[in-house]
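Okay, here's what each chain looks like letter by letter:
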Amino acid sequence: MKWETVEIGQLGDVVTGNTPPRKNPELYGDFIPFIKPTDMELDRRYTPNPEECYSELGFEKYRKSLIPKGATCVVTIGSIGKKMTQAHTDCFINQAVNAVIPNDEFDPDFVFYLLKNNLHKVKGLDSGTSSGRENVSKSSFSSIEVKVIKHLPTQRKIASILSRYDDLIENNLRRVRLLEEKAFLRYRGIVQGEEMETFKLNEVTQVLKRGVSPKYVEDDGIVVLNQKCIRNHIVSFEDSRLTDSETKISADRMLQKFDTLVNSTGMGTLGRIAMNIQEDFPLTVDSHVSIVRANEKISPIFLFESLLAQEHVIASMGEGSTNQTELSARKFGEEIKIKVPSKSAMFDFEREAEPIFNLIRNLQKQNTKLREARDILLPRLMSGEVEV
């Protein structure tokens, strides 16, 4: 069957989002999701848990720009050429995102994979802004040329093949969330049922410090995690970079399995927490992330859960300007309190929790392989090289 060239604007309606004025908080609530680029995870099909939602009032005011379920949303300001998502339900998007709402000629899932395969073309149209941010206008985005096949049954077959990979990925991510909840509930059970001794954070850590200021390289280096790598309590390697392997990094700044990582600078990201469960290759963090490593008083996983329970408190401890806040190591170490149970309760918790997080790591590895397989197949299906 014939593949032909069309512009993105010919796939359907292209809609640019907007952000309701922050001076009108009544427009925000919990009625319908509001998706921003910061909510999107690299290489994930859906964005099920955005940080904000519109209220019913906001919905009524902006309903003309409602994005229907199945539409493909592509970031065109900021992280262009990297981030996109498919609306898992009706939602709204902000002004940094353009959504493609397919017409009757195109299957919505096919359009998602079509745009994913052509995402690199967005980067090539960057016109910049006065602030230096990457920017692609709606008209430029709409004019990007893509190759399509207009036979709907074939579109659906292609989308179905690729969707199987993403469905497995999403299923694994749901399993990860359930496993995390299981570990946290076990932690809560101990906290509520045990008499415990309270310590300052710096009394139960052997390491409590920021990471390195790396010299980045393209290859042959040590993986460096940054703020963007910490989201939803999981360490992602999508935004990681490499630093010179010849650079001497002190042992206490090289990550160990079950170290807790805390975002320590920034607006909106300060205080985000994750635990390192990777031990397959050397890792460190940059100076925007703090390493929290347990000493002999507490198990590493119990310490992580203790900090996770106080994430909102840590997020409020930032000092500095309204544009950039930082987490003071002294304040963090002195003011955050950790309750420590008996040795036997700690041992029992660790014995139950460690297999849970090892299973999470295995699921993450499975997802990496699924993404690799999908990405090998994607351009072949989208070029007609592989027939369906």
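Below you will find a few notes about this structure. Predicted model only: the values in this text are computed from it and were never measured. (Residues numbered from 1 in each chain as written. Predicted model: local features only at pLDDT ≥ 70, side-chain atom pairs only at ≥ 80, totals over all residues. Heavy atoms only, no water.)

## A closer look at the overall build of the protein chain
When you go through the protein chain residue by residue, the secondary structure sums to nine helices and 24 strands. Relative to a compact globule of 388 residues, whose C-alpha radius of gyration would be 21 Å, the protein chain shows 23 Å and is just as compact. Here the C-alpha coordinates of the protein chain stretch approximately 70 × 50 × 45 Å along the principal axes. Taking contacts inside the protein chain between residues at least 6 apart in sequence as the whole, the part at least 24 apart equals 77%. Carbon together with sulfur atoms contributes 49% to the accessible area of the protein chain, which is approximately 18,800 Å² in total. (Helix = DSSP H or I, 4+ residues; strand = E, 2+ residues; numbered from the N terminus. Rg over C-alpha atoms; globule rule 2.2 N^0.38 Å. Contact = heavy atoms within 4.5 Å. Areas by Shrake-Rupley, 256 points an atom, 1.4 Å probe, with all protein chains shown as cover.)

## Quick word on the nonpolar core
Ranked by size, the top nonpolar core spans 40 residues in total, and within it Leu201, Ile298, Leu303, Leu307, Phe332, Ile338 and Phe357 carry the most contacts. Of all elements in the fold, only helix H5 (152–193), strand S19 (273–275), strand S21 (289–294), helix H6 (300–308), strand S24 (337–340) and helix H9 (343–381) reach the threshold of two or more residues within this core. Considering each element in turn, this core owes the most residues, eight residues, to H9. If we skip the residues at most four places from it in the chain, phenylalanine 357 touches Ala183, Phe258, Met275, Ile277, Ile301, Phe304 and Glu305. (Core = buried A, V, L, I, M, F, W, Y, C linked by side-chain atoms within 4.5 Å. Buried < 20%, exposed > 50% of the residue type's maximum accessible area, 1.4 Å probe, protein only.)

## A closer look at the packing of aromatic side chains
If you walk through the whole model with that rule in mind, you get 14 aromatic pairs. On the basis of an interplanar angle of 15° and a centroid distance of 4.2 Å, the ring pair of tyrosine 54 and phenylalanine 92 is categorised as stacked. Here phenylalanine 92 lies in strand S8 (residues 92–93) and tyrosine 54 lies in strand S5 (residues 52–54), a separation of 38 residues in the sequence. Relative accessible area serves as the criterion here: at 0%, tyrosine 54 is assigned to the buried category. Overall, phenylalanine 92 belongs to the buried group, its relative accessible area being 1%. With a centroid separation of 5.7 Å and an interplanar angle of 35°, the aromatic rings of phenylalanine 184 and tyrosine 187 are classed as tilted. Taken together, the positions of phenylalanine 184 and tyrosine 187, both in helix H5 and three residues apart, correspond to about one turn of that helix. (Phe/Tyr/Trp six-rings, centres within 6.5 Å; stacked < 30°, edge-to-face > 60°.)

## Structural notes on the environment of serine 383
For serine 383, the position within the fold is in the segment after H9. Once the C-alpha coordinates of serine 383 and arginine 293 are considered, the two residues, 90 residues apart in sequence, prove to be 49 Å apart. In terms of polar contacts, serine 383 uses its side chain to reach the backbone carbonyl oxygen of proline 379, at 3.0 Å. Only 3.2 Å separates the side chain of serine 383 from the backbone oxygen of arginine 380, close enough to count as a polar contact. (Polar contact = N/O pair within 3.5 Å; in protein donor to acceptor, adjacent residues only side chain to side chain.)

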